[in-house]
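A structural walkthrough
As a plain string of letters, each chain reads:
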Amino acid sequence: MTPTTTRAADGVRPPDGTTPGATPGATPGTTPGTTPGAAARGARPAPAAGRRQGRRETLAGYLFLTPWCIGILLLTLGPMLVSLYLAFTDYNLFDSPRWIGFKNFRDLFEDDRWWTSVQVTLKYVLIGTPLKLAAALAVALLLVKPRKGQGFYRSAFYAPSLIGASVSIGVVWRAIFNDNAVVDKSMSLFGWDVGGWIGDPDWALPTLITLTVWQFGAPMVIFLAGLKQVPGELYEAAEMDGAGRWRRFRSITLPMISPVLFFNLLLELIHSFQVFTSAVVIAGSGTNTGGPGDSLLVYGWYLYEQGFRNLRMGYAAAMAWMLMLGIGLVTAVLFRTQRGWVHYEEDAQ
Amino acid sequence: MGAGRWTAKARGVRVAAAVVAALGLLATGCGGGSGSGDGKVTIRYSWWGAKDRAELIQKTVKLFEKEHPNIKVKTDFSEYTDFWSKFNTQAAGGNAPDVFQNSYAFLRKYGDKNLLLDLNGQADAGNLSLKGFRDGLEKAGDIDGKLLGVPVGANTFAFFYNPDAYRKAGVTVKDGWTWDDFFAAAKKVRKGGGTLYGASDNANVMYLYDLYLRQNGKAFFTKDNKLGFTKDDLTEWWGRWQQHAKADELVPGKKSEQAKPKASISADLSASEFTWDNFLVRFAAETKTTLDLGPIPTTDGKRTAQYLSSLMLSGSARTQHPKEVAQFIDFMTHDPEVGKIMGYNRGIPATTAQYDAYRPQGVDAKIAAYEKSVSTKLEPITPHPAGADVAEAAFLRIYTQVALGQTSMGKAVDQFFSEAESALGS
């Protein structure tokens, strides 16, 4: 808090001597002539007035936050609590929910399709995320050095992550990987005839994974920011000691950007677990199944199908909470392990 | 620092104003009123289908609005599966469309939940005529004495085949042929040297299995809302198709998945397929190959056990305008102009007025001839309990996994029974 912003600093004006324009009458009794002494006093505002001022500012702050607070209470927290309740009920959207205790959760473990959806999602997350981050880091390393057209390349690589999760890109992906489409035809040229990837139970998921990997732009930008923070002296010193490129990358770059890597990993994992739109669009609207032989039945899709198509809202709510627990667990494990591999600069000093 | 130019008081006022404005936005966003104030009544109408259907329906809606200047119709449509997801959400929020496309399979599901308007009252009040329906179709939407839907079009199950391929293989499709004949024909076509498979693997089509069961004195669903067959029955049915699929006579699971959204026959993979007769319209748009409609194979040489199923219009039980909804349904089912515009898009028109108004040509003429040829064989429809749609989807999906080699027959049959029983039980 600087003195110039506090009314408590009796008669203090901004250095240029103007009266605060918005409130001509708010500082009665002050005259331009008193400025120097007042400034000295103003440096130590009266405690009681300061507290009142602080409270008012806090209040104003909260007032500014009101729309978001209401949003969180009404649109996030409220529904979450309701969904927690529904997870323990049998609820079909139309009749009132009936309490059934842990039955939904017990049923989940006996539901083959639920296990399928868990498997599909884990494959997607465990293959897609590392590939995506590797691509992001690789391209960030290429783009970190100043070169011609750098701005263009950065934007070009970033663009997919802005649009990649949209329905239209899903449609494009579907068109590219479909039977007799671009990918199928060009691969046939090399004698590798898979047919349409989308309709092939073994190739549908890889198609979805390529879509997420292609959206490496967002983590790339974060990596770029991290790479720019790495002090150049370190590289110079290492080079003098005869460290090669790989050595420099392993011993300087990786440890130095490990907080950024951690952040990206966390964000991407949480994000990947909730994949929905692209899977549904790639499988094609109007299908009754989660892609060919349920090969694209990601967790979010199965949840949606149970809730909104089969009208088993209680079951879907239980699924949602299991997902939440799963993501929570993964996050907790990551935070536990970070001490071993994430190096914050403060620790080093 | 710009904040220094404001006092907290002024800031407070501004903040308060911002909050009020934000809340106001929220409030107006939530309370979209429907009162139009000029004496006009607005009803919402939604249906499922592709773009071609939407274009035709828009024309009929315009016609209706012209005849009923005091009623405005707001329309929207989506694909089949999306339609029902959307409908469920809207209905759960008490905001279902006033009038919407429905089918027999859903009458009990939503009737049990009191979401459908009983149209008997409106018929008694003279807002909706139940006269002039073909083949007793006015009863099609009658569930336990309540009229929950009025059919706009009816269709029946059919055997689709490629006449050239069949002729080349020396097979003739004739009334009263049996399942043995059918599988033998598929084999002949396949071994005949062409590139086509003898038939699409339709073991996963609930409606086809229903016909087979009916021919054997059973049905897919019983009157008391249960499955009408045993695990052994299903193992036999699926097993029989699998046996022919493994002999390379039927389209392999993977190929038919890759052909989607086309059916195997319209993707020129197979020489025959079973589905609803009005699909001929769609297939004609998807393939240049000429296709014909033939009789469903029988078990005893006589009975196909076919029935008419229909697309219907239903009203929402919560509509504010039941009278206008009834007038709308009346117009859409009886008006000859509407019949001319829609053609056989939703099946053969349900009323004689619309049936006579439209002169079928091309593929429509084939469908008309087919329905005429089976009209004497038609029987009452199998009851569809609540959850029938979920059971149908499971039937389709689980056999497909068998065809893809992802699961064993025994496991698949068990899984179907467990999913279907839980869907029908709730």
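Residues numbered from 1 in each chain as written. Chains lettered and ligands numbered in written order. Predicted model: local features only at pLDDT ≥ 70, side-chain atom pairs only at ≥ 80, totals over all residues. Heavy atoms only, no water.

**Here's the deal with the packing of helix H7 (residues 179-191) of chain B against helix H9 (residues 231-246) of chain B**
The axes of two packed helices give the description: the angle between them and the distance between them. All names here are of chain B. Where H7 meets H9, the axes come as close as 11 Å, and the angle between the chain directions of the two elements is 25 degrees. On the basis of their axis angle, the class for H7 and H9 is roughly parallel. With respect to the hand of their crossing, H7 and H9 are arranged in right-handed fashion. Contacts from Trp179, Asp180, Phe182 and Phe183 of H7 reach H9 at Trp237, Arg240, Trp241 and His244. Taken together, the residues of the contact of H7 with H9 sort by class into 5 nonpolar, 1 polar and 2 charged. (Axes fitted to C-alpha atoms, helices over the stretch in contact; angles between N-to-C directions. Helix = DSSP H or I, 4+ residues; strand = E, 2+ residues; numbered from the N terminus. Parallel < 35°, antiparallel > 145°, perpendicular 65-115°, else oblique. Left-handed = near helix turned anticlockwise from the far one by under 90°. Contact = heavy atoms within 4.5 Å. Nonpolar A, V, L, I, M, F, W, Y, C, P; charged D, E, K, R; others polar.)

**A look at the UniProt feature "transmembrane region" (unreviewed entry) in chain A**
With numbering matched to this structure, UniProt assigns "transmembrane region" (unreviewed entry) to residues 59-88, 124-144, 156-177, 203-227, 248-267 and 313-335 of chain A. The span residues 59-88 of chain A is 93% helix and 0% strand, and its two end C-alpha atoms sit 39 Å from each other. (UniProt positions renumbered as here; feature names shortened; annotations may be inferred.)

**Topic: the sheet that holds strand E7 (residues 157-161) of chain B**
Residue and element names in this part refer to chain B. Spatially, E8-E7-E9 is the arrangement adopted by the 3 strands of the open sheet, whose pairing is antiparallel. Sheet topology places strand E8 (272-276) and strand E9 (292-294) at the edges, where each strand pairs with a single neighbour. In this sheet, adjacent strand axes meet at a mean angle of 40 degrees when their direction is disregarded. Inspection of the sheet shows E7 paired to E9 by 3 bridges, in the antiparallel sense. Note that in E9 the partner of Phe159 across the bridge is Gly294. (Pairing = 2+ DSSP bridges.)

**Let's talk about the side chain of B:Thr287**
Note on placement: B:Thr287 falls in the loop between helix H11 (279-286) and E9. Here B:Asp268 takes part through its side chain, which lies 3.2 Å from a polar atom of the side chain of B:Thr287. (Polar contact = N/O pair within 3.5 Å; in protein donor to acceptor, adjacent residues only side chain to side chain.)

**Points about the packing of aromatic side chains**
Under the criterion given, the structure shown has 78 aromatic pairs over all chains. Taking the centre distance of 5.1 Å and the plane angle of 45 degrees together, the rings of B:Tyr45 and B:Trp47 count as tilted. With a relative accessible area of 1%, B:Tyr45 lands in the buried category. Note that A:Arg312 overlies the ring of A:Tyr315, its terminal NZ or CZ placed 4.0 Å from the centroid. (Phe/Tyr/Trp six-rings, centres within 6.5 Å; stacked < 30°, edge-to-face > 60°. Buried < 20%, exposed > 50% of the residue type's maximum accessible area, 1.4 Å probe, protein only. Lys NZ or Arg CZ within 6 Å of the ring centre and 35° of its normal.)

**Structural notes on the nonpolar core**
Taken as a class, soluble globular proteins show a tendency for nonpolar side chains to be buried jointly. If you look at the biggest cluster of nonpolar residues, it comprises 175 residues, and the most contacted ones within it are B:Phe220, B:Leu234, B:Trp237, B:Trp238, B:Trp241 and B:Phe416. Looking at which element gives the most residues to this core, the answer is helix H15 (residues 313-341) of chain A, with 11 residues. In contact with B:Phe416, not counting residues within four places along its chain, are B:Phe220, B:Leu227, B:Phe229, B:Leu234, B:Trp238, B:Ala391, B:Ala394, B:Phe395 and B:Ile398. Within the second largest apolar cluster, 18 residues are counted, among which are A:Ala136, A:Phe223, A:Leu227 and A:Phe249. (Core = buried A, V, L, I, M, F, W, Y, C linked by side-chain atoms within 4.5 Å.)

**Here we look at the pattern of salt bridges**
Applying the stated criterion to the full structure yields 27 salt bridges over all chains. Between A:Asp90 and A:Arg98 there is a salt bridge; the shortest N-O distance is 3.1 Å. Residue A:Asp90 is classed as partly exposed on the basis of its relative accessible area of 34%. With a closest N to O distance of 3.0 Å, A:Asp200 and B:Lys254 form a salt bridge. Of this pair, A:Asp200 sits in the loop between helix H7 (182-189) and helix H8 (204-214) while B:Lys254 sits in helix H10 (residues 253-259), each in a different chain. Accessibility expressed as a relative area gives 0% for A:Asp200, which makes it buried. Here the salt bridges do not stand alone but share partners, grouping A:Arg113, A:Asp294, A:Glu305, B:Arg397 and B:Glu419 into one network. (Salt bridge = Lys/Arg side-chain N within 4 Å of Asp/Glu carboxyl O.)

**Points about the sheet that holds strand E2 (residues 71-78) of chain B**
All names here are of chain B. The mixed open sheet is built from 6 strands, whose spatial order is E2-E1-E3-E10-E6-E11. The open sheet is flanked by E2 and strand E11 (348-349), the only strands paired with a single partner. In the sheet, strand E6 (residues 150-155) pairs with strand E10 (residues 309-315) via 5 bridges, with the strands oriented antiparallel. Residue Ala154 lies in a different strand from E10, and its bridge partner there is Ser310. Together, strand E1 (41-48), E2 and strand E3 (99-103) form the strand contacts of helix H3 (residues 80-92), whose direction differs from that of E1 by roughly 140 degrees. In this fold helix H12 (residues 322-334) packs onto E1, E2, E3, E6 and E10, with an angle of close to 50 degrees to the strand it touches most, E1.

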